[in-house]
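The lines below spell out each chain.
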Amino acid sequence: MERSLDWILKYPHMRVRGVEDAHECLLIHGKMLINNTDITISLLQTTIVKGEYQYILQNIPNVSKTTIANIRNDLSSLKFKNTVEALDRIQDILEAGVSKKKLENYSQIYRTVLQEYSELTKFFFNFNSHKLSYDLSSINVDVKDSKLRIHSVGIKINYAEPTEIFQLADIDLPEGEAIHNNNSLVALFEEFIARIELLQPFFNLMEDFDRNTSILDPEKPRKCDAYRRIWLGIEAFPKRETMKSATSLLVEYGECSICFSLRVDGKLPDIICENSCCAQFYHGKCLYEWLVCLNAKRTFNNVSGNCPNCEKIISCPILD
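Remember, predicted model here, so these are calculated numbers, not experimental data.

A.B. asks: Report on the overall build of the chain, specifying residues and quantitative values.
C.D. replies: If you tally the helices and strands in the chain, you get eight helices and 15 strands. Considering the chain as a whole, with its 320 residues, one finds that 37% of them fall into the buried category. For the chain, the accessible area works out to roughly 20,000 Å², and carbon and sulfur atoms hold 51% of it.

A.B. asks: Can you explain the pairing of strand β14 (residues 302-306)? Please cite residues and give values.
C.D. replies: In the sheet, strand β13 (residues 297-299) pairs with β14 via three bridges, with the strands oriented antiparallel. Paired with lysine 297 across the strands is serine 304, a residue of β14. Counted between consecutive antiparallel strands, the loop separating β13 from β14 contains two residues, among which phenylalanine 300 sits at a positive phi close to 55 degrees. Relative to strand β15 (residues 313-317), β14 runs antiparallel, the two being bridged by five bridges. Residue pairing for β15: glycine 305 is matched across the bridge by isoleucine 314. Linkage of β14 to β15, two consecutive antiparallel strands, is achieved through a turn of six residues, within which glutamate 311 is found at a positive phi near 65 degrees.

A.B. asks: Any details on helix α5 (residues 185-198)? Residues and values, ideally.
C.D. replies: Between its first and last C-alpha atoms α5 spans 20 Å; for 14 residues at 1.5 Å apiece the expected length is 20 Å, and the two agree. Of the surrounding secondary structure, the elements contacted by the buried residues of α5 are α4 (107-123), β5 (127-132), β6 (138-144), β7 (150-157), β8 (166-171) and α6 (200-212).

A.B. asks: Which residues make up the side chain of glutamate 116, and what values go with them?
C.D. replies: Tracing the backbone shows glutamate 116 in helix α4. The side chain of glutamate 116 is buried and forms no salt bridge, while lysine 122, the nearest opposite charge, is found at 12 Å. Not counting chain neighbours up to four residues away, the residues in contact with glutamate 116 comprise Phe166, Asn183, Ser184, Leu185 and Val186.

A.B. asks: Describe α6, naming the residues involved and giving the relevant values.
C.D. replies: In this model, α6 (13 residues) spans 18 Å end to end at C-alpha, consistent with the 18 Å of a helix rising 1.5 Å per residue. Summarising the contacts, the buried residues of α6 are in contact with β7 and α5.

A.B. asks: Tell me about unusual backbone geometry, and please be specific about residues and values.
C.D. replies: Look at leucine 148: it is not a glycine, yet its phi comes out positive at around 65 degrees. In this structure leucine 148 comes out as exposed when scored by relative accessible area, which is 63%. At phenylalanine 260, a position not held by glycine, the phi torsion is positive, near 55 degrees. Relative to the helices and strands, phenylalanine 260 is located in the loop between α7 (246-253) and β11 (271-272).

Thresholds applied
- Residues numbered from 1 in each chain as written.
- Predicted model: local features only at pLDDT ≥ 70, side-chain atom pairs only at ≥ 80, totals over all residues.
- Heavy atoms only, no water.
- Helix = DSSP H or I, 4+ residues; strand = E, 2+ residues; numbered from the N terminus.
- Buried < 20%, exposed > 50% of the residue type's maximum accessible area, 1.4 Å probe, protein only.
- Areas by Shrake-Rupley, 256 points an atom, 1.4 Å probe, with all protein chains shown as cover.
- Pairing = 2+ DSSP bridges.
- Expected span 1.5 Å × (residues − 1).
- Contact = heavy atoms within 4.5 Å.
- Lys, Arg positive; Asp, Glu negative; His and termini not counted.
- Salt bridge = Lys/Arg side-chain N within 4 Å of Asp/Glu carboxyl O.

Quick look at the structure:
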């Protein structure tokens, strides 16, 4: 059966094909736009009686049982001269049973984003790279400071809050250096640049550490990392039995006694059992999860319980 012009104009995404082992049956399958929502429909055309067609509904996912029952009842009780009549009837029932999805109008926000991005790229000249995503959902910028260091910032376009369209999603600055969301991309970026210039002494200091010492943690420092755990340059650390330094212990033996790994989320173990007969060490995250599973006692910002190795009291900070 070929689709009529009326069928093509009204239901362009509904297709028809034959059914195996059923020469008199045709399967009509595709999508129908109902209240701004695409609805998938499978319909079986079975017989022709006195020039009229009979139809059986196969499937309509994500539609209420009541709506499906109404469609099947009408298809079984009514006769249709052609498939378009049957599809028209199905469409009427679905429009009454499917709630209408509201289409948001973001055209004004689109214009604002494009205008602000254009002004940003014209106003600043120290970009290393900049990119506006194809769907206008995010902006990523790499910028050079006075020492030619590259700083990255990711900005999310917030369509739900027109008063704060531009929101920071990722920023390569130390924790606590908050930058407020803004309705002006240029103003937001100016605050980011000002914060970079203010932190130049900090970046200089961290670069001196990275250049002149052996960094243990973080493994690959970023500009947002405000700490360094360094190798002290001692030729030989004492063996475990005579060792008194907690830092030496971490460097010498390395692995967490719970997960048996050196790093978790890029961090070395940072908690050591204070029992001198034990002196096992743990990642804060591993120990916290262990103690929580044992219903350990919580006091202020710490959780305390039995050490996994010696069962003496050990504590760690509560994770957010």
